[in-house]
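# Observations on chain architecture
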Amino acid sequence: MKKLLLKSASAESEIYIERGMLENAPALCAGRFPGRRAHIVTDSNVAPLFLKKITELFEGAGFSASSSVLEAGETSKNLNSVSRLYEDFSKARLTRADLAVALGGGVIGDTAGFAAATYLRGINLCQIPTTLLAQVDSSVGGKCGVDLKQGKNLVGAFYQPHIVVIDPDVLKTLPEKFFCDGMAEVIKYGFIADGDILNSLSAELSGEALLDIIFRCVEIKRNIVEKDERDLSVRMLLNFGHTIGHAIEKLGSYAKFSHGQSVALGMKAALKAGIALNVTKKDSLALLNDLLRRYGLNTDTPYKASEIAEAVSSDKKIFSKTISFILIRTPGEALIYNLSLQSLEQLIYEIFREDF
Ligand SMILES: NC(=O)c1ccc[n+]([C@@H]2O[C@H](COP(=O)([O-])OP(=O)(O)OC[C@H]3O[C@@H](n4cnc5c(N)ncnc54)[C@H](O)[C@@H]3O)[C@@H](O)[C@H]2O)c1
Ligand SMILES: [Zn+2]
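Notes on the structure follow.

To continue, consider a nonpolar patch on the surface. A contiguous nonpolar patch, built from Leu 79, Leu 148 and Leu 154 and spanning about 200 Å² of accessible area, is present on the exposed surface. Turning to its location among the elements, Leu 79 is positioned in helix α3 (residues 79–91). Its relative accessible area of 39% is what places Leu 79 among the partly exposed residues.

Structure follows, in structure tokens:
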């Protein structure tokens, strides 16, 4: 069994990564938490696959288990869902000794994580991610939160899950397009921190090879978050592909392009920006395009430079006039490049010409 510890100023997360690990989650929780009530939060796609089994496992480990099932999809990541979870936590009579279990993709992890972070000022939290994206990224590091109609992830908290149980075998039921979304984040890790990952990405990833990739990604994230939990310095590197990616996601009203697809396009734009600024080695772009195609991720955007520039500058999270844009020097080595919003807009016009 592979285990990583993430020690931050606020808490210690135990991260378990192994095939078949799902079965062990309740026993791990029983060993770590004093309470014997577990409330499982999941979505309408994951519930028919795993909820009965996980409920029985928690009961077998001595817990009284209850659950909430949210409608699958990004539209559930809102304050109404959080409010509903508070009600359900309360009906389940959870105390701070008890725990919430987030069983699902990033939407469930972010929403249940935020509810757990704030209910009774913080109850115990176990993340059991069931998408590749959630396994390599969102379940680790403590960022949780929900969307407002004004934009994504605008309400949230930094709240480290106490236990994260990553079982690559649960990905067997994941539709391919969601698997490929997660691959965009895997490729991101390769470019920012470990060029070797990029060499080990074959079109058919499964079994031990997939386990190894997930472990390496989580280890990278653990190392970065331990240095900078609050996103003030090195954690920004994880935003590679996300500045322009978020703009593309927004232009498609969070429906046309998924998060992973948008990040794929954002990474391509960031490499082109780096080449224009003489920071990025030119052959990085061919490598990225090849990897994106291998996982069915877009390399073309239907949007005009003016639309992307407008969407970037109206991003509600950009309050200052300076942007920390993540560039790649060479695969495996990234840097934070500070530039004015105006310079970024100019760059966008340069990048998104007809031949993007
Ligand atoms: N907190 C963070 O640090 C962080 C990082 C990256 C992304 N995110 C957030 O994560 C969200 C995206 O996460 P996601 O891509 O996991 O989306 P998601 O949670 O919507 O899951 C994708 C789809 O897969 C289904 N699904 C989940 N597990 C399954 C399984 N094992 N088998 C079959 N179907 C399954 C879900 O029901 C859903 O339809 C976004 O809201 C994004 O903002 C957060
Ligand atoms: Zn992302």
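There is about 340 Å³ of room inside the second largest pocket. Looking at the lining of the second largest pocket, the elements with two or more residues in it are α6 (176–193) and α8 (207–227). Among the elements that make up the lining of the second largest pocket, the one with the highest residue count is α6 (three residues). Per-class residue counts for the lining of the second largest pocket are ten nonpolar, two polar and six charged. A domain split of the lining of the second largest pocket shows at least three residues from each of domain 1 (2–173) and domain 2 (176–351).

Moving on, we come to empty space enclosed by the protein. By the definition in use, this model includes two cavities of 30 Å³ or more. In this structure, the second largest cavity occupies an estimated 50 Å³ of space. Every residue lining the second largest cavity is listed: Gly 109, Asp 110, Gly 113, Leu 125, Gln 127, Ser 138, Ser 139, Gly 142, Lys 143, Cys 144, Tyr 159 and Pro 161. Ranked by the residues each element gives to the lining of the second largest cavity, the list is headed by helix α4 (residues 106–118), at three residues. Taken together, the residues of the lining of the second largest cavity sort by class into four nonpolar, six polar and two charged.

Let us look at the coordination of the zinc ion (ligand 2). Ideal coordination angles are 109.5 degrees for a metal with four donors arranged tetrahedrally and 90 or 180 degrees for a metal with six donors arranged octahedrally. Taken together, Glu 185 (OE), His 242 (NE2) and His 259 (NE2) make up the protein donors of the zinc ion (ligand 2), found 1.9 to 2.1 Å from the metal. In primary sequence terms, the donor set of the zinc ion (ligand 2) follows E-x56-H-x16-H. Here Glu 185, found in helix α6, pairs with His 259, found in helix α10 (residues 259–276); they are 74 residues apart in sequence, far enough to count as distant. Residue classification places Glu 185 among the buried residues on the basis of a relative accessible area of 1%.

In this section: the packing of aromatic side chains. Inspection of every chain in the model, using the stated rule, returns five aromatic pairs. Look at Phe 58 and Phe 63: their rings are 5.3 Å apart centre to centre, the planes differ by 75°, and that puts the pair in the edge-to-face class. For Phe 63, a relative accessible area of 4% corresponds to the buried category. When the centroid spacing of 6.2 Å and the interplanar angle of 25° are considered together, the rings of Tyr 86 and Tyr 119 count as stacked. Of this pair, Tyr 86 sits in helix α3 while Tyr 119 is found in the loop between α4 and β6 (124–129), placing the two residues 33 residues apart along the sequence. The exposure class of Tyr 86 is partly exposed, given its relative accessible area of 27%. The exposure class of Tyr 119 is buried, given its relative accessible area of 14%. Grouping aromatic residues by their ring pairs yields a cluster made of Tyr 86, Phe 89 and Tyr 119. The ring of Phe 63 carries the charged tip of Arg 36 above its face, separated from the ring centre by 5.0 Å. Taking the ring centre of Tyr 189 as reference, the NZ or CZ of Lys 188 above it sits at 5.1 Å.

Taken as a whole, this structure holds 22 salt bridges when the rule is applied. Across the salt bridge formed by Arg 19 and Asp 169, the nearest N and O atoms sit 3.0 Å from each other. Note that Arg 19 is positioned in the loop between β2 (12–17) and α1 (25–32) and Asp 169 in the loop between β9 (163–166) and α6, a separation of 150 residues in sequence. Notably, a salt bridge pairs Lys 77 with Asp 110, separated by 2.8 Å at the nearest N-O pair. Within this pair, whereas Lys 77 is found in the loop between β4 (64–70) and α3, its partner Asp 110 is found in helix α4, the two being separated by 33 residues in sequence. Residue class for Lys 77 comes out buried when judged on its relative accessible area of 4%. The class for Asp 110 is buried, based on a relative accessible area of 12%. Residues participating in the shared-partner salt-bridge network are Glu 74, Lys 77, Asp 110, Asp 147, Lys 152 and Glu 249.

What counts and what doesn't
- Residues numbered from 1 in each chain as written.
- Chains lettered and ligands numbered in written order.
- Predicted model: local features only at pLDDT ≥ 70, side-chain atom pairs only at ≥ 80, totals over all residues.
- Heavy atoms only, no water.
- Patch = residues over 30% accessible without salt bridge, like charges linked within 9 Å, V, L, I, M, F, W, Y side chains within 5 Å.
- Areas by Shrake-Rupley, 256 points an atom, 1.4 Å probe, with all protein chains shown as cover.
- Salt bridge = Lys/Arg side-chain N within 4 Å of Asp/Glu carboxyl O.
- Helix = DSSP H or I, 4+ residues; strand = E, 2+ residues; numbered from the N terminus.
- Buried < 20%, exposed > 50% of the residue type's maximum accessible area, 1.4 Å probe, protein only.
- 1 Å grid on protein atoms, 1.4 Å probe; cavity = no way out; pocket = protein on both sides within 12 Å on 5 of 7 lines; lining within 4 Å.
- Points joined across faces, edges and corners; volume = space filled by probe spheres on them.
- Nonpolar A, V, L, I, M, F, W, Y, C, P; charged D, E, K, R; others polar.
- Domains from an automatic or database assignment.
- Donors = N, O, S within 2.8 Å, 3.2 Å for Na, K, Ca; no water.
- Phe/Tyr/Trp six-rings, centres within 6.5 Å; stacked < 30°, edge-to-face > 60°.
- Lys NZ or Arg CZ within 6 Å of the ring centre and 35° of its normal.

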